[in-house]
2 protein chains.
Amino acid sequence: MKMKEEKAVVVFSGGQDSTTCLFWAKQQFGAVEAVTFDYGQRHRREIEVAQAIAAELGVRHTVLDMSLLGQLAPNALTRDDIAIEQKEGELPTTFVDGRNLLFLSFAAVLAKQRGARHIVTGVCETDFSGYPDCRDVFIKSLNVTLNLAMDYEFVIHTPLMWLTKAETWQLADELGALEFIRTKTLTCYNGIIADGCGECPACVLRKRGLDDYLREKAGVERP
Amino acid sequence: MKMKEEKAVVVFSGGQDSTTCLFWAKQQFGAVEAVTFDYGQRHRREIEVAQAIAAELGVRHTVLDMSLLGQLAPNALTRDDIAIEQKEGELPTTFVDGRNLLFLSFAAVLAKQRGARHIVTGVCETDFSGYPDCRDVFIKSLNVTLNLAMDYEFVIHTPLMWLTKAETWQLADELGALEFIRTKTLTCYNGIIADGCGECPACVLRKRGLDDYLREKAGVERP
């Protein structure tokens, strides 16, 4: 497989993980596009951030309307009036059942139309949180199903699948994108770019990973 | 599995096949719902026919907006301005890539929310026409993928998978629904209910199957 001559579609939210995937894909493939799903996110800012990053990186960017998803699964990620909570052993209330299944299926329809065999997604078992459609076994099963559904040889790439957050920052650094991702992506549940609010679970996870990586890079032992 | 005590969601278009599936499901399961996908069909009448049938059968009916699909894959089924043609060895121009994948995935999200494990679809290898996502192997792969995606024990049922059109009419007859399906469903590409225009490929297929079945039933040999 001559990946340098082939085309990839990156599932792209404008967050740390998918932006790292976008840089990774630009290094791996001859041509790269990004697709973002507009499903009534808590913050419209997510879509704007994704658009700004794609424009800055010169990547063709498609925003697909997935408002149907909000209709099917109202919850904290899609409704401003539900607080984000997580009780031990429960799925976070940000969970939309089958979301990655739907996003990756639409990404595949788009990819085939664009003549792209490769689909890149930032899903990751490491910060699993109980989402069944972030598991590697799901992704592999879906890859077979997509190929059968469309009689096409898709290859789903998950460069972050087994990385810790610290290792994802390391990958960003190796791709020459650490400062870009640190300052221009949006992960925060409160819609604040870069380091975010510093208090929501997404910010805490992101900061802990960055601190861990920077400590390692500086040659200092973790406590 | 005590199917009589369980709930099923039927993927329902108001055509012959899915209406037969709806009658079949009502016989098999304790509770049945129908879901129809509005993807900018050539004829708005399809949605109305589906609504009328569901109402007459007393089945809860959900119409989901899939207009996104038309945006992704403009073609003959979704655009009034493209003629329906089929050249030998080619897919009919009614083809929407990955349509069953998307419909069944959304049906599964809905089914889980309604507490239904069972999903019924009228897909059929017999009148395959080259649609890869009508194949049995695709359905079985998708079943595994859905179960992994949502950590749920879905069972996809395909009562028509191996039936000819004549055998589908026979099943309708055995379910006591032959006249209902003959007079109240819409299969015709020109949007005409019951026997339809009589000239489009869907009408020709439907009539040939019905004639074959009625001849067999009458004990007359086929020519």
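A quick note: this is a predicted structure, and the numbers were derived from the prediction, not measured.

### Examining the overall build of chain A
Part 1 of the argument: Looking only at helices and strands, one finds eight helices and five strands in chain A.
Part 2 of the argument: Helices and strands appear in chain A in the N-to-C order β-α-β-α-β-α-α-β-α-β-α-α-α.
Part 3 of the argument: For chain A, the proportion of its 223 residues judged to be buried stands at 46%.
Part 4 of the argument: Considering only contacts within chain A whose residues lie at least 6 apart along the sequence, 66% involve residues at least 24 apart.

### A few points about the relation of the copies chain B and chain A
Part 1 of the argument: Between the two copies, chain B and chain A, the superposition gives an RMSD of 0.0 Å; the rotation angle is 180 degrees and the shift along the axis is 0.0 Å. Here the transformation between the copies is reduced to the relation of a two-fold axis.
Part 2 of the argument: Both copies share a contact surface, since 100% of the interface residues of chain B are interface residues in chain A too.

### Some details on the sheet that holds strand E1 (residues 7-11) of chain A
Residues and elements named next belong to chain A.
Part 1 of the argument: Ordered by their spatial adjacency, five strands build an open sheet running E3-E2-E1-E4-E5, and the pairing between neighbours is parallel. Edge positions in the open sheet fall to strand E3 (60-65) and strand E5 (155-157), since each of these has one partner strand only. For this sheet, the mean inter-axis angle between neighbouring strands, taken without regard to orientation, is 25 degrees.
Part 2 of the argument: The strands touched by helix H2 (residues 45-56) within the sheet are strand E2 (31-38) and E3, with E2 carrying the most contacts at an inclination of about 170 degrees.
Part 3 of the argument: Against the sheet, helix H4 (residues 99-113) makes contact with E1, E2, E3 and strand E4 (118-120), and its axis sits at roughly 150 degrees relative to E1, the strand it touches most.

### Details of the nonpolar core
Part 1 of the argument: By size, the foremost hydrophobic cluster in this structure holds 125 residues, and its most contacted members are A:Val10, A:Ala107, A:Ile119, B:Val10 and B:Ala107.
Part 2 of the argument: Excluding its chain neighbours within four sequence positions, the residues that come into contact with A:Ala107 are A:Val9, A:Val11, A:Val35 and A:Ile119.

### Observations regarding the UniProt feature "binding site: Zn(2+)" (unreviewed entry) in chain A
Residue and element names in this part refer to chain A.
Part 1 of the argument: Sequence positions flagged by UniProt for "binding site: Zn(2+)" (unreviewed entry) are, in local numbering, Cys188, Cys197, Cys200 and Cys203. These residues run over 16 residues, yet every pair of their C-alpha atoms falls within 6.8 Å of each other.
Part 2 of the argument: Excluding residues within four positions of it along the chain, Cys200 makes contact with Cys188, Tyr189 and Asn190.

### A short note on the UniProt feature "binding site: ATP" (unreviewed entry) in chain A
Residues and elements named next belong to chain A.
Part 1 of the argument: On the UniProt side, "binding site: ATP" (unreviewed entry) is annotated at positions that read Phe12, Ser13, Gly14, Gly15, Gln16, Asp17, Ser18, Thr19, Thr20, Cys21 and Leu22 here.
Part 2 of the argument: Owing to 21 C-beta atoms within 10 Å, Gly15 belongs among the buried residues under this scheme.
Part 3 of the argument: Apart from residues lying up to four places away in sequence, Gly15 is in contact with Thr185, Leu186 and Thr187.
Part 4 of the argument: Position of Thr19 among the secondary structure elements: in helix H1 (residues 16-28).
Part 5 of the argument: Thr19 gets classed as buried once you count the C-beta atoms within 10 Å, which come to 28.
Part 6 of the argument: Setting aside residues up to four positions removed in sequence, Thr19 forms contacts with Gly14, Ile53, Ile181 and Thr185.

### Let's talk about H2(A)
Residue and element names in this part refer to chain A.
Part 1 of the argument: Across its 12 residues, H2 extends 16 Å between first and last C-alpha, which sits within 8% of the 16 Å expected from 1.5 Å per residue.
Part 2 of the argument: For H2, the complete set of buried residues consists of Glu46, Val49, Ala50, Ile53 and Ala54. An end-on view of H2 places all buried positions within 130 degrees of arc, on one side of the element. Every exposed residue of H2 that faces more than 90 degrees away from the buried side is listed here: Ala55 and Glu56.

### Side note on the interface of chain B and chain A
Buried accessible area, meaning the area lost when the parts come together, often serves as the stated size of an interface.
Part 1 of the argument: Listed as interface residues are 29 residues of chain B and, on the opposing side, 29 residues of chain A.
Part 2 of the argument: When residues of the side of chain B that touches chain A are traced back to their parent elements, those giving at least two are strand E3 (60-65), helix H3 (67-72), helix H4 (99-113) and helix H5 (136-150) of chain B.
Part 3 of the argument: The dominant element in the side of chain B that touches chain A, judged by the number of residues it contributes, is H5(B), at nine residues.
Part 4 of the argument: Grouping the amino acids of the side of chain B that touches chain A by side-chain chemistry returns 18 nonpolar, five polar and six charged.

### Structural notes on the environment of A:Cys188
Part 1 of the argument: Within the element layout of this structure, A:Cys188 appears in the loop between helix H7 (178-184) and helix H8 (201-217).
Part 2 of the argument: In this structure, the C-alpha to C-alpha distance between A:Cys188 and A:Glu125, residues 63 residues apart in sequence, is 20 Å.

What counts, and where the lines are drawn
Residues numbered from 1 in each chain as written. Chains lettered and ligands numbered in written order. Predicted model: local features only at pLDDT ≥ 70, side-chain atom pairs only at ≥ 80, totals over all residues. Helix = DSSP H or I, 4+ residues; strand = E, 2+ residues; numbered from the N terminus. Buried ≥ 20, exposed ≤ 12 C-beta atoms within 10 Å, placed from the backbone. Contact = placed C-beta atoms within 7 Å. Least-squares fit on C-alpha atoms with pLDDT ≥ 70 in both. Pairing = 2+ DSSP bridges. Axes fitted to C-alpha atoms, helices over the stretch in contact; angles between N-to-C directions. Core = buried A, V, L, I, M, F, W, Y, C linked by C-beta atoms within 7 Å. UniProt positions renumbered as here; feature names shortened; annotations may be inferred. Expected span 1.5 Å × (residues − 1). Arc of directions from axis to C-beta. Nonpolar A, V, L, I, M, F, W, Y, C, P; charged D, E, K, R; others polar.

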